[in-house]
Structures are given as structure tokens and as C-alpha cells.
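One letter stands for each residue in the lines below.
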Amino acid sequence: MVGRDTNTTRKGRRQGTISRSLDWAATLASKGQGVLGVQHLHYRRQPAGTQTTHFVLLDLSASMLRGQKLAWAKGCLLALTAMFYRSRDHMAVIGFAGQQAQWLQNPARVPAFNEHWIAPLRGGGATPIQSAIDAVNAELKRHGPDRHACIWLLTDGRFDPLPARPEHIEECYVIDFEEDVVTLERCRRLAQQWQGHLLPASQFGCRSAH
């Protein structure tokens, strides 16, 4: 199963578990010519016993209401929760819109079913992404030294200025929902600035979560 180490032999335990650092060569080989989905993701190994927490930052601002971007983003969030549940990782979700970010899910093991709280999420207002970054930094400052942390930003990039990369983050993934006629390409610039991975949302096989 992708995203979970099924090797329970003594050799497998010595090598460690599958990490949250993507192995892009294996991932793209698994995807082939089709649409990239979470089922294609492959990871490198990390030391046994390391706890991984995924911080998912969900853009709920007014610009995400154009077209079906927010419904699409919620579908991607639902797919990510399924992936993190299978890999027995921890997850935290922060929504940002209006005046400030808010915790939608505190860091914890991922439950099996998540559509009941994802589907009702609504958007509107400004894009306070810095508030979301500050929340991640504060959480990792309290509990981060022993935690392998990854960040997943789901956004169309309609914000300025670009925030600095969160501290103590091992891997950054920016899922780009920008499909406007006039593109700003801030997601691409942010992924470069964060030394992370840019993943166009169009490559994810995620159904909408209304």
C-alpha cells in the first residue's frame, strides 16, 4: 500500500519506516501518463520511531470561491486525510480567510472518516496566510524538535507578500489551484522560495467535496 511500510521483517525494521519525503522518480513512474493521484505517491525511508505530522493549510478566501476551486480543494484535503490515515501519521488542518487563520483540526492521529467536517467548510474574505504560518511556527516551537513535520498549502496564491517558509519544516508542498485568466504564478514563486514542491491541482485525481 502506497504511503505505508508493509515490510515487517527484521531487515525492514532496521531500515526504518517510509518517510514523508517524496521519492519523485518512483512517484512519476507510478503515475505514468495518467493524472497524479495520492495513490501514486512513494516516499523515502526515515529512521524508525520518527513521528510525522502533516500541517495542511487550506485557503478559504474569497478568491477560492471562483469556479469550483474551494470544492476541489476540499476534495484534495479529503484525499490527503485518507493518505495520512493509511500511513498512520498525525495531521493538523488550518483554514485561513477573513481576518485570521483558525485551527480546523488540532495535531492528532487522522480519523478514518473526515467528510462530515470537510464538506460544510465555507469561504470568503481576505487571505491571511501569514496568520496560518504563525500558527504552524507556534505549534512547532512548542512541540517540534522531536517531530518530522511537513506542510501542505492548498491555495490559488492570491496573496501578497509571500510568507517566509515555516520553521522546523522538513518538506513543503504547494498545491496550486490558480486557474484564473490572468495568472500571478505566486504558487510557483512560493514553492521556489520555500525550496519545496509545486503540485498543480489539475494533476490530482480528487473529487469535489461540497
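Presented here is an overview of the structure given in this document. Since the model is a prediction, treat every value here as computed from it, not as a measurement.

Right, let's talk about the pattern of salt bridges for a bit. Taken as a whole and judged by the stated rule, the model has four salt bridges. Note that Lys 69 and Asp 156 form a salt bridge whose closest N and O atoms lie 2.8 Å from each other. Here Asp 156 lies in the loop between strand 6 (147-155) and strand 7 (171-176) and Lys 69 lies in helix 3 (residues 69-86), a separation of 87 residues in the sequence. Exposure class is identical for Lys 69 and Asp 156. Each is buried. When the shortest N-O distance is used, the salt bridge between Glu 185 and Arg 188 registers 3.0 Å. On the accessibility criterion, Arg 188 (34% relative accessible area) is partly exposed.

Bringing the nonpolar core into the picture now. Counting residues in each nonpolar core, the largest one holds 32 residues, and the members touching the most others are Trp 152, Leu 154 and Phe 177. Of all the secondary-structure elements, those providing two or more residues to this core are strand 3 (51-59), helix 3, strand 4 (90-97), helix 4 (115-118), strand 6 and strand 7. Per-element tally for this core: the top contributor is helix 3, with ten residues. Residues within four places of Phe 177 in sequence aside, it is in contact with Met 64, Lys 69, Trp 72, Ala 73, Cys 76, Leu 154, Thr 155, Asp 156 and Ala 201. Counting 24 residues, the second-largest nonpolar core is a separate cluster that includes Ala 135, Leu 140, Ile 151 and Phe 159.

To continue, consider the packing of aromatic side chains. Within the structure shown, the criterion is met by three aromatic pairs. Centre to centre, the rings of Trp 152 and Tyr 173 are 4.3 Å apart; their planes meet at 25°, and the pair counts as stacked. With a gap of 21 residues between them, Trp 152 in strand 6 and Tyr 173 in strand 7 connect regions that are remote in the sequence. Accessibility expressed as a relative area gives 0% for Trp 152, which makes it buried. Here a set of aromatic residues connected by ring pairs shows up, and it is made of Phe 84, Trp 152 and Tyr 173. The ring of Tyr 85 has Arg 88 lying over it, and the distance from NZ or CZ to the ring centre is 4.8 Å.

The next subject is the environment of His 148. The residue His 148 is located in strand 6 in this model. For His 148, a relative accessible area of 13% puts it in the buried group. In the structure, His 148 is positioned 22 residues away from Glu 170 in sequence and 6.6 Å away in space, judged by C-alpha atoms.

Let us now look at the side chain of Asn 137. Residue position: Asn 137 is located in helix 5 (residues 129-143). With a relative accessible area of 18%, Asn 137 lands in the buried category. A distance of 2.8 Å separates a polar atom in the side chain of Asn 137 from the backbone nitrogen of Glu 167. In contact with Asn 137, other than residues within four places in its own chain, are Pro 166 and Glu 167.

Right, let's get into the sheet that holds strand 7. What the six strands build is an open sheet, ordered 5-4-3-6-7-8; its pairing is mixed. Among the strands making up the open sheet, the edge pair consists of strand 5 (100-109) and strand 8 (197-200). The average undirected angle you get between the axes of adjacent strands in this sheet is 15°. Both strand 3 and strand 4 contribute to a ladder of seven bridges, which runs parallel. By the bridge assignment for strand 4, His 54 is matched with Met 91. Along the sheet, helix 3 contacts strand 3, strand 4, strand 6 and strand 7; its crossing angle with strand 6, the most-contacted strand, is approximately 160°. Against the sheet, helix 5 makes contact with strand 3, strand 4, strand 5 and strand 6, and its axis sits at roughly 170° relative to strand 6, the strand it touches most.

Conventions we followed
Residue positions are counted from 1 within each chain, in the order its sequence is given. With the structure being a predicted model, the display of local features is reserved for residues of pLDDT at least 70 and the display and counting of side-chain atom pairs for 80 or more, all residues being used for whole-chain, interface and lining totals. The side-chain numbers reported here are obtained from all heavy atoms of the structure, hydrogens and water having been left aside. When a carboxyl oxygen of Asp or Glu lies within 4 Å of a side-chain nitrogen of Lys or Arg, that pair is called a salt bridge. Only DSSP runs of H or I covering at least 4 residues are called helices, and only runs of E covering at least 2 are called strands; the numbering of each starts at the N terminus. For the exposure calls, accessible area comes from a 1.4 Å probe over protein chains only, and a residue counts as buried if that area is under 20% of its type's maximum, exposed if over 50%, partly exposed in between. Residues belong to one nonpolar core when they are buried, are Ala, Val, Leu, Ile, Met, Phe, Trp, Tyr or Cys, and are joined through side-chain atoms within 4.5 Å. Only heavy atoms enter the contact rule, under which two residues are in contact if any of them lie within 4.5 Å. Think of it this way: a Phe, Tyr or Trp ring, Trp meaning its six-membered ring, pairs with another when their centres are within 6.5 Å, and the plane angle makes it stacked under 30 degrees, edge-to-face over 60, tilted otherwise. Both a distance and an angle decide whether a charge sits over a ring: NZ of Lys or CZ of Arg must be within 6 Å of the ring centre and within 35 degrees of the ring normal. Any pair of N or O atoms that falls within 3.5 Å is considered a polar contact. Within protein, one atom must be able to donate a hydrogen and the other to accept it, and sequence-neighbouring residues count only if both atoms are side-chain atoms. Each pair of strands is called paired provided DSSP finds at least two bridges between the two strands. Lines fitted to C-alpha atoms define the axes here, with helix axes fitted over just the stretch in contact, and angles between the N-to-C directions of these axes take values from 0 to 180 degrees.

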